[in-house]
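Letter by letter, the chains look like this.
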Amino acid sequence: MSKISKARLMMIATIAGGILVNVVFAFLASRLNFPIYLDVIGTIGVAFIAGALPALIVAVFTNLFCVIFDGMAMYYTLISMFIAIISSYYSTDRDNKKFSNIIKFTFLIGLLGGVLGASIQLLLLGKPEFASVSDACDLLTSSIGTNYYFNFFLLNSGLNIVDKGIAVFVVLSVVKFIPVKKINTLRNLGWKQRPLSRETMRKYGALSKKSGKLQRRFTRLLVGAAVAITIVMVLISMSIYFEHTKKEYTLNAHGAVRLAATEIDVNRIEEFSKRGQESKGYVETKLRLTAVKNNYPGIKHLYVYIIREDGLQVVFDVNDLEETEDAFGKVIPFDEAFIPYIDRLLAGEEIEDIQSGQTFGWQNTIMHPVEDADGVTKCYVRADVSMDIISDFIKEYLIRIVLIFTGYLAVILAIGLWVSRYYLVHPINAMVDCTNSFMYEMDNQAVLQDNVKKIKRLKIKTDDELENLYNALCKMTEDTAEQVNDIRYQNQTINQMQNGLIVTMADMVENRDADTGYHIQKTADYVRIILEGLKKKGYYEGKLTPKFMNDVVMSAPLHDIGKINISDTVLNKPGKLTPEEYEIMKTHTTAGKNIMEKAINTVKGENYLKEARNMAAYHHEWWDGNGYPEGLKGQVIPLSARVMAVADVFDALTSKRVYKEAMPFEEAIDIIKQESGTHFDPKCVEVFAEAEEEVRLVLRRYQED
């Protein structure tokens, strides 16, 4: 048997055990007429062991079974629901073992059960369910003078706190002996993927402002559907009830008037109408008529009338047991409903039922002729049937429907939320989080592979379209990781080709200059040293990104690309340049800028060429504005050019030329320092001077070569 099957059997056994415990205690309390039920021990226990939904199932079925021996049990379902939900929430609290929290929890569910339980009893019964509780309330009222209903709520809440306190104590005593592994197995049974920790779920809940909207929409849909169905069912059932009741009461009225007619001595009707109670047999007849009215449910009024030209003369008014001298013999004018039937009534004929009003204000009047031995109508028996007499029943009916509905609505919501959470919300949030991590770490192949494994470890098994989406996502991320790896390899190859082309282009220029041995290699190393120093110091933090630093170092060899336009006569002149020749030499900056801009237009989007242009154009600009070609000043000079200025001059000072010897390291560094703030960016000079050992290593390596 698989682990899942065992876990399901364990869950079924847990739920069944919780129901059994509740029902047994409730049955014993009912038979002993004891006001402490202990019928929530199973509910609280299952909430602690298996979570909210199993506890709600226990609560519902407990009340269903308890209806067998306690008709009121169904209406306490709502209370059991609340206790199941609160217990489940409390059981997940890390501090639930603190004594103060146990007291708070017990007091909360006890007060909730007491107040709601007392309210339900008063609404449905109008009094406490237990006579002992009622007697205690009477005693408190008479002894201390407090309000009866206040005493009832107070006493009921106290009994419930004791009841729930015993239940919580029993549950906590039992739960501590249950292995944590078994509890986790039951709590994780609902997951359709690898179970997530509470911290992870809280993280998923904060992924975006839209998190949780799907579940809220699902909840609103469930609530709306449940409420709509309930309203429709209530209206239909009430309509059917009214129609059935109208028919039943109408039949009762017809039976009542026929029976009442047999109880009347028609030969004495005139005497009864004139003398009333003074007439022999009047009181006895009225008592018999009263018995007839009481034996037929639904009859609101029962009269005996003599039809006169001017109205209905009262002979008997069964509704007035204390009938006065004025009651009999009184003539009541015909009301509007009788006008169409006056002629037939005067003729002593039987007429149809007189109905008035709609469903909720409906009334039916039945007039039955009472004839003598010769078939002459002497009087009429009238019975009125009205729906007003069932208003109290309707109120009680609605209260019962609301109590039952709210209880089972909680179950519907719990199931709906459980399904939406484990089949939709958690899997979707987990996929979103993993996908975000995957997309944010595209540059790191190792992290990318780890994220692919992370997505696969979710193991979403909803057996529906969402699982299909998950499988497609796994395939897509795996393929993407492979493609990214291929692209990265291709980029490395392209970068190597680019570096080779850059070095080749730079060599073409350098080979024309007889005195610049290893110039492009050394200046590139010096540029790297300065950039790393600036980064370490935190200078130009917003500018020195890894991409920028790589672009500058990679394109540094192209800083003198413009010398390709300088004639060999000027470029390789062994002595000092004349002013005219110097002006020609200075044009290598603008020439380099033009060459790089043409390359940029050809190879669009390549940032390293933009930095190559900046260095080619401005590496002879001075910090104080006395440089060329544009006389830029300070930070207006591109950072890459300011870095190259230090590297270029230092290499020129420490390199041998046909017109000079190489300057010693110390003298060259001193010159660089002296020109800080005039020729060079002070920060570039600072980090270059502090990296003396690295600079010496570069210089020594190329001198040896």
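## As for the packing of helix α17 (residues 519-537) against helix α22 (residues 639-654)
Consideration 1: As a packed pair, α17 and α22 sit with axes 9 Å apart at the nearest point and diverge in direction by 130°. One element, α17, and the other, α22, form an angle in the oblique class. For the element pair α17 and α22, the recorded crossing hand is right-handed. Across from H519, K522, T523, Y526, V527, I530, L531 and L534 in α17, the residues of α22 making contact are L639, V643, M644, V646, A647, D648, F650 and D651.
Consideration 2: Here the residues of the contact of α17 with α22 are counted per class, giving 11 nonpolar, 2 polar and 3 charged.

## Observations concerning the nonpolar core
Consideration 1: Of all hydrophobic cores here, the largest spans 56 residues; its most connected members are I44, F48, F105, I109 and I120.
Consideration 2: With near-sequence residues (within four places) excluded, F48 lies in contact with S87, Y90, S91, F105, V171, L172, V175, I183 and R187.

## Side note on helix α4 (residues 77-91)
Consideration 1: Here α4 is 15 residues long and its end C-alpha atoms lie 21 Å apart, about the 21 Å a rise of 1.5 Å per residue gives.
Consideration 2: α4 sits mainly inside the fold: 12 of its 15 residues count as buried.

## Quick look at a nonpolar patch on the surface
Consideration 1: A surface patch of nonpolar side chains, amounting to about 720 Å² of accessible area, comprises L20, V21, V24, F25, F27, L28, L32 and F34.
Consideration 2: Along the chain, the position of F25 falls in helix α1 (residues 3-31).

## Regarding the packing of α17 against helix α24 (residues 682-690)
Consideration 1: Running from amino to carboxyl end, α17 crosses α24 at an angle of 105°, the nearest separation of the two axes being 8 Å. Accordingly, the angle class assigned to the pair α17 and α24 is roughly perpendicular. Contacts from Y526, I530, G533, L534 and K537 in α17 reach K683, C684, E686, V687, F688 and E690 in α24.
Consideration 2: Residue classes in the contact of α17 with α24 are distributed as 6 nonpolar, 1 polar and 4 charged.

## Points about unusual backbone geometry
Consideration 1: Residue P629 is bonded to the preceding Y628 through a cis peptide linkage, with omega at 15°.
Consideration 2: For L38, which is not glycine, the phi dihedral falls at a positive 60°.
Consideration 3: On the basis of relative accessibility, which here comes to 15%, the residue L38 falls in the buried class.
Consideration 4: Positive phi, close to 50°, is recorded for K459, a residue that is not glycine.
Consideration 5: Inspection of the secondary structure assignment puts K459 in the loop between α15 (445-457) and α16 (465-510).

## Observations regarding the sheet that holds strand β4 (residues 354-356)
Consideration 1: Taken in spatial order, the 6 strands line up as β3-β2-β1-β6-β5-β4 in an open sheet, and their pairing is antiparallel. One side of each edge strand has no neighbouring strand; the edge strands of this open sheet are β3 (331-332) and β4.
Consideration 2: In terms of strand pairing, strand β1 (residues 299-308) meets strand β6 (residues 377-386) through 6 bridges, oriented antiparallel. Among the inter-strand pairings, H301 is bridged to a residue of β6, identified as D384.

## Some thoughts on the packing of aromatic side chains
Remark: the centre distance and the inter-plane angle together describe each pair of aromatic rings, the angle taken between the planes.
Consideration 1: Overall, the coordinates contain 15 aromatic pairs when judged by the stated rule.
Consideration 2: An aromatic cluster is defined as three or more aromatic residues linked by ring pairs; in this entry it consists of Y526, F650, F665 and F688.
Consideration 3: The lysine or arginine in question, K683, covers the ring of Y540, its NZ or CZ lying 4.9 Å from the ring centre.

## So, the pairing of strand β2 (residues 311-317)
Consideration 1: Here β2 lies mainly inside the structure; 7 of its 7 residues are buried.
Consideration 2: With 6 bridges connecting them, β1 and β2 associate as antiparallel partners. Paired with R308 across the strands is G311, a residue of β2.
Consideration 3: Remark: 2 residues form the turn of the hairpin made by β1 and β2, two consecutive strands paired antiparallel.
Consideration 4: Where β2 and β3 come together, 2 bridges link them in antiparallel fashion. Residue L312 lies in a different strand from β3, and its bridge partner there is I332.

## A look at a positive patch on the surface
Consideration 1: A cluster of like positive charges, contributed by K213, R216, R217 and R220, occupies part of the molecular surface.
Consideration 2: Checked against the element boundaries, R217 lands in helix α10 (residues 213-262).
Consideration 3: Residue R217 is classed as exposed on the basis of its relative accessible area of 52%.

## Brief notes about the pairing of strand β5 (residues 363-371)
Consideration 1: Taken across its 9 residues, β5 has 7 buried, putting it largely inside the fold.
Consideration 2: Relative to β5, β4 runs antiparallel, the two being bridged by 3 bridges. From the neighbouring strand, Q355 faces β5, where its bridge partner is N364.
Consideration 3: As paired strands, β5 and β6 are joined by 9 bridges and run antiparallel to one another. Counted as the bridge partner of V370 is C379 from β6.
Consideration 4: With antiparallel pairing between neighbouring strands as the criterion, β5 and β6 make up a hairpin whose turn holds 5 residues, including G375 at a positive phi of roughly 80°.

## As for the side chain of H519
Consideration 1: Tracing the sequence through the fold places H519 in helix α17.
Consideration 2: One polar contact links H519 to D651, side chain to side chain, over a distance of 2.4 Å.

## Focus: the confidence of the model for the chain
Low pLDDT marks stretches whose predicted atomic positions should not be read closely.
Consideration 1: For the chain, the mean per-residue pLDDT works out to 83, and 87% of the residues sit at or above 70.
Consideration 2: Element-level pLDDT for the chain is lowest in helix α9 (residues 198-205), with a mean of 63, against a maximum mean of 94 in α24.

## Considering the pattern of salt bridges
Consideration 1: Evaluation of the coordinates by the stated rule reveals 24 salt bridges.
Consideration 2: Residue K593 is joined to E630 by a salt bridge in which the shortest nitrogen-to-oxygen separation is 3.5 Å. You can see K593 sitting in helix α20 (residues 579-602) and its partner E630 sitting in the loop between α21 (607-618) and α22, a full 37 residues away along the chain.
Consideration 3: A salt bridge links R642 to D681; its shortest N-O distance comes to 3.0 Å. Of the two residues, R642 sits in helix α22 while D681 sits in the loop between α23 (665-674) and α24, which places them 39 residues apart along the sequence.
Consideration 4: Among the ionic contacts, a cluster of salt bridges with common partners joins R268, E271 and R275.

The rules behind the values
Residues numbered from 1 in each chain as written. Predicted model: local features only at pLDDT ≥ 70, side-chain atom pairs only at ≥ 80, totals over all residues. Heavy atoms only, no water. Axes fitted to C-alpha atoms, helices over the stretch in contact; angles between N-to-C directions. Helix = DSSP H or I, 4+ residues; strand = E, 2+ residues; numbered from the N terminus. Parallel < 35°, antiparallel > 145°, perpendicular 65-115°, else oblique. Left-handed = near helix turned anticlockwise from the far one by under 90°. Contact = heavy atoms within 4.5 Å. Nonpolar A, V, L, I, M, F, W, Y, C, P; charged D, E, K, R; others polar. Core = buried A, V, L, I, M, F, W, Y, C linked by side-chain atoms within 4.5 Å. Buried < 20%, exposed > 50% of the residue type's maximum accessible area, 1.4 Å probe, protein only. Expected span 1.5 Å × (residues − 1). Patch = residues over 30% accessible without salt bridge, like charges linked within 9 Å, V, L, I, M, F, W, Y side chains within 5 Å. Areas by Shrake-Rupley, 256 points an atom, 1.4 Å probe, with all protein chains shown as cover. Salt bridge = Lys/Arg side-chain N within 4 Å of Asp/Glu carboxyl O. Pairing = 2+ DSSP bridges. Phe/Tyr/Trp six-rings, centres within 6.5 Å; stacked < 30°, edge-to-face > 60°. Lys NZ or Arg CZ within 6 Å of the ring centre and 35° of its normal. Lys, Arg positive; Asp, Glu negative; His and termini not counted. Charge placed at Lys NZ, Arg CZ, Asp CG, Glu CD. Polar contact = N/O pair within 3.5 Å; in protein donor to acceptor, adjacent residues only side chain to side chain. pLDDT = per-residue confidence, 0-100.

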